[in-house]
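Inside the fold
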Amino acid sequence: MGLEEFQSFPNFCEHLKDLKSLTLKERLLQVFLEEDVMIAKDEMQRNLDWVKEDVNDILLKLKESQEQEKIKELEIMAERLGLEESDMLSLNREKKDIRFSSGFLISQNYMRTPTVDNPNELDCLVPIIIAENVEHFYTEGTVLLASQSDTVAFSFIVLNPREVHKVFEEHVLSATSKRPIDVYRSKPNSPSVSVTLKRRTEKLHVDLVPVLQIPFSEYKHIDWPRAKTRWPSQELIAKSKETGIDLVAKQVWRPTFSRIENILLEDIDRDGGRRKDALQILLRVLQERWQDFHKTLSSYHLKTVLFWACEKHPEFTKWETLEKSLNVLLDELIRRLESRAVPHYFLSEVNLLRSTEQLSELLLQVTELRRDPVTYLEIQNVFEYSPLDIGKYWYSVMNSQIRLYSRQIKFGGHVFVSSGLFE
């Protein structure tokens, strides 16, 4: 990283002033975070902004498709039963069917085979809506729907995850049929329906995942929160339990804890620590340096390791600086890789480290990063430049800017100059 990375001379001076009180390693890590990591994060946010619009549009059309299909079904049933149009409303209320919400949640993982999260790939969880007069129960990978009528006390139906996925896929295909969007199944037995969204030169792959929301207490295998832990707080635990768990439609119904994980991440640096920044650095390294280890390590592993590290080290002093936070996170990652196990944070008997391929090579890379992050990340020491070097650089920059903006177009005495010079 060189001086050219800074956008303006005043910004560069202000940057040096802010970093003056930090250690050299801390300063350089901060520069890497701001100039390498945050730029990539901004790109992801830009992608998120327009993806949300497109996904929202797809789900709204999906909702319309469901409603039109429902009306047709009701008309056919009414005709067969000889019902009047006024009777269709009561028939509508009695119909026990499944719908998909037009709302969605951006997620990072739903317990699929670990892969490296690409900035051009996103997961969207789409909640399944069940009729108000139908209750659902979860047990050992199976979901039962229970409904009551005037003639039958209770009737039970097994909610088949494959059928749910099939119906969802059909609705997505219908909702995207008139748009330049590719729809495909990402992998065999995948719970997602994948779409490729295009905007100008950008192309993003989005996994739409139908999920069924259940109360926290219904999933019996969870071993969280653990006794005598100081992180997360009791307030955060209560909020997480209230949020509940989502089930995804695979061969059987499988749990995902994305909503709880989002709650924990949002609150993780309430004390002013640098936990999330340390995680962002490792996510960037994973994407740029550790692509060859994608079968072994994913972003979900790193997030899980962070949760375990926070539980093991709840004290603020371990996380008060970026350097300390990165060290704690890397130490925990090295420990987990050496033990060949990254336990799921909520289901600790589940080992997320499903592949140990190239594990030794990965461990060497992580150890090298821990030993000397500045050298490993190839962070150029911008603080070693002399005032003369800085002056020469900014003299050349300003000269080129002046030449560029001196090409003014004059019409009727007015001068039109791009505002870029003053940004």
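Residues numbered from 1 in each chain as written. Predicted model: local features only at pLDDT ≥ 70, side-chain atom pairs only at ≥ 80, totals over all residues. Heavy atoms only, no water.

1. Considerations on the overall build of the chain
Quick reminder of the rule: Each helix corresponds to a stretch of at least 4 residues labelled H or I by DSSP, and each strand to a stretch of at least 2 residues labelled E; elements are numbered beginning at the N terminus. Throughout, exposure labels follow a simple rule: accessible area from a 1.4 Å probe, protein chains only, divided by the maximum for the residue type, with under 20% read as buried, over 50% as exposed, and the rest as partly exposed. Note on contacts: a residue pair is in contact if any heavy atoms of the two residues lie within 4.5 Å. Computed by Shrake-Rupley with a 1.4 Å probe, the accessible areas treat only the displayed protein chains as cover when residues are assessed.
Helix and strand counts for the chain come out as twelve helices and 13 strands. Scored against the burial criterion, the 423 residues of the chain give a buried share of 45%. For the chain, the proportion of contacts with a sequence separation of at least 24, taken over those separated by at least 6, is 67%. Total accessible area on the chain is roughly 23,000 Å²; 51% of this is exposed by carbon and sulfur atoms.

2. Considerations on the pairing of strand 10 (residues 245-249)
Operational definition: DSSP calls a pair of strands paired once it identifies at least 2 bridges connecting them.
Among the five residues in strand 10, five count as buried, and that is most of the element. Along strand 10, one buried face is formed by Ile 245, Leu 247 and Ala 249 and the opposite face, lined by Asp 246 and Val 248, is buried too. By the bridge criterion, four bridges tie strand 9 (residues 202-214) to strand 10 in an arrangement that is antiparallel. Opposite Val 211, over in strand 10, you have Val 248 as the bridge partner. Bridging between strand 10 and strand 11 (residues 253-256) involves four bridges; their strand directions are antiparallel. Within strand 11, the position partnered with Asp 246 by the bridge is Thr 256.

3. Describing the environment of Leu 362
With respect to the helices, strands and loops of the structure, Leu 362 is situated in helix 10 (residues 359-371). As for Leu 362 and Thr 296, which are separated by 66 residues in sequence, their C-alpha atoms are 8.5 Å apart. Filtering out sequence-adjacent residues up to four positions away, Leu 362 remains in contact with Trp 290, Phe 293, Thr 296, Leu 297 and Leu 337.

4. Some points on the pattern of salt bridges
Basically, it comes down to this: Here a salt bridge means any side-chain nitrogen of Lys or Arg lying within 4 Å of a carboxyl oxygen belonging to Asp or Glu.
In this structure the tally under the stated criterion is 19 salt bridges. Linking Glu 288 and Arg 284 is a salt bridge whose minimum nitrogen-to-oxygen distance equals 3.4 Å. Residue Glu 288 and its partner Arg 284 are both found in helix 7 (residues 275-288); the two are separated by four residues, about one turn of the helix. Because the salt bridges share partners, they merge into one network encompassing Lys 312, Glu 332, Arg 335 and Arg 336.

5. Regarding the packing of helix 6 (residues 258-267) against helix 8 (residues 299-312)
Defined as follows: The angle between two axes is taken between their N-to-C directions and runs from 0 to 180 degrees, where each axis is a line fitted to C-alpha atoms and a helix contributes only its stretch in contact. Angular relationships are summarised with four words: roughly parallel below 35 degrees, roughly antiparallel beyond 145, roughly perpendicular across 65 to 115, and oblique for the angles in between. Helix crossings are classified by the rotation of the near helix relative to the far one: an anticlockwise turn of less than a right angle makes the crossing left-handed, while a clockwise turn makes it right-handed.
Following both chains from N to C, one finds helix 6 and helix 8 inclined at 60°, their axes separated by 12 Å at the closest point. By the angle between their axes, helix 6 is oblique relative to helix 8. Handedness of the crossing formed by helix 6 with helix 8: left-handed. Every residue of helix 8 that contacts helix 6 at Glu 261, Leu 264 and Leu 265 is listed here: Tyr 300, Lys 303, Leu 306 and Phe 307.

6. Here we look at the environment of Arg 274
Rule in force here: Two N or O atoms count as a polar contact when they lie within 3.5 Å, although within protein this holds only if one can serve as hydrogen donor and the other as acceptor, and sequence-adjacent residues are included solely when both atoms are side-chain atoms.
Here Arg 274 is to be found in the loop between helix 6 and helix 7. Residues Arg 274 and Ser 325, 51 residues apart in the sequence, show an inter-C-alpha distance of 5.9 Å. Those residues within four positions of Arg 274 in sequence are excluded, and the remaining contacts are Glu 26, Gln 30, Leu 33, Asp 269, Trp 319, Glu 320, Thr 321, Leu 322 and Ser 325. Side-chain polar atoms of Arg 274 contact the side chain of Gln 30, separated by 2.8 Å.

7. What about the nonpolar core?
Using the following cut-off: Among buried residues, the Ala, Val, Leu, Ile, Met, Phe, Trp, Tyr and Cys ones that are joined through side-chain atoms within 4.5 Å form a nonpolar core.
Ranked by internal contacts, the top residues of the largest apolar core, which has 73 residues, are Trp 253, Ile 281, Trp 290 and Leu 377. With near-sequence residues (within four places) excluded, Ile 281 lies in contact with Leu 29, Phe 32, Leu 33, Val 37, Leu 322, Leu 326 and Leu 377.

8. Points about the pairing of strand 4 (residues 134-139)
The pairing of strand 4 with strand 5 (residues 142-147) spans six bridges and is antiparallel. By the bridge assignment for strand 5, Val 134 is matched with Ser 147. Between strand 4 and strand 5, which pair antiparallel and follow one another directly, the connecting turn spans two residues, one of which, Glu 140, has a positive phi of 50°.

9. Things to note about the confidence of the model for the chain
Put simply, the test is: A residue's pLDDT is the predictor's confidence in that residue, given on a scale from 0 to 100.
Here the chain averages 76 in pLDDT, and 67% of its residues register 70 or above. Summarising per-element confidence for the chain, the mean pLDDT is lowest in strand 13 (residues 414-416) (32) and highest in helix 9 (residues 322-338) (98). With pLDDT under 50 throughout, residues 73-78 is counted as low confidence; its partners more than four residues away or in other chains account for ten contacts. In this model residues 80-96 is a low-confidence stretch, pLDDT under 50, and it forms 19 contacts with partners more than four residues away in sequence or in other chains.

10. Some words on the packing of aromatic side chains
The condition is simple: Each pair of aromatic rings taken from Phe, Tyr and Trp, with Trp reduced to its six-membered ring, is defined by centres within 6.5 Å and is described as stacked if the planes are under 30 degrees apart, edge-to-face if over 60, and tilted in the remaining cases. When the NZ atom of lysine or the CZ atom of arginine is within 6 Å of a ring's centre and also within 35 degrees of its normal, the charge is said to sit over that ring.
Under the definition given, this model contains eleven aromatic pairs. Each ring, one from Trp 224 and one from Phe 346, has its centre 5.2 Å from the other, and the planes form 75°; the classification is edge-to-face. Of this pair, Trp 224 sits in the loop between strand 9 and helix 5 (234-243) while Phe 346 is found in the loop between helix 9 and helix 10, placing the two residues 122 residues apart along the sequence. For Phe 346, a relative accessible area of 0% corresponds to the buried category. Both rings, one in Trp 308 and one in Tyr 345, keep their centres 5.2 Å apart while their planes meet at 80°; by these two values the pair is edge-to-face. Residue Trp 308 is located in helix 8, and its partner Tyr 345 is located in the loop between helix 9 and helix 10; the two are separated by 37 residues in the primary sequence. Taking relative accessible area as the criterion, Trp 308 reaches 11% and is therefore assigned buried. Residue class for Tyr 345 comes out buried when judged on its relative accessible area of 2%. Against the face of Tyr 345 rests Arg 226, its NZ or CZ located 4.8 Å from the ring centre. Its guanidinium or amino end placed over the ring of Tyr 376, Arg 289 lies 5.4 Å from that ring's centre, counting from NZ or CZ.

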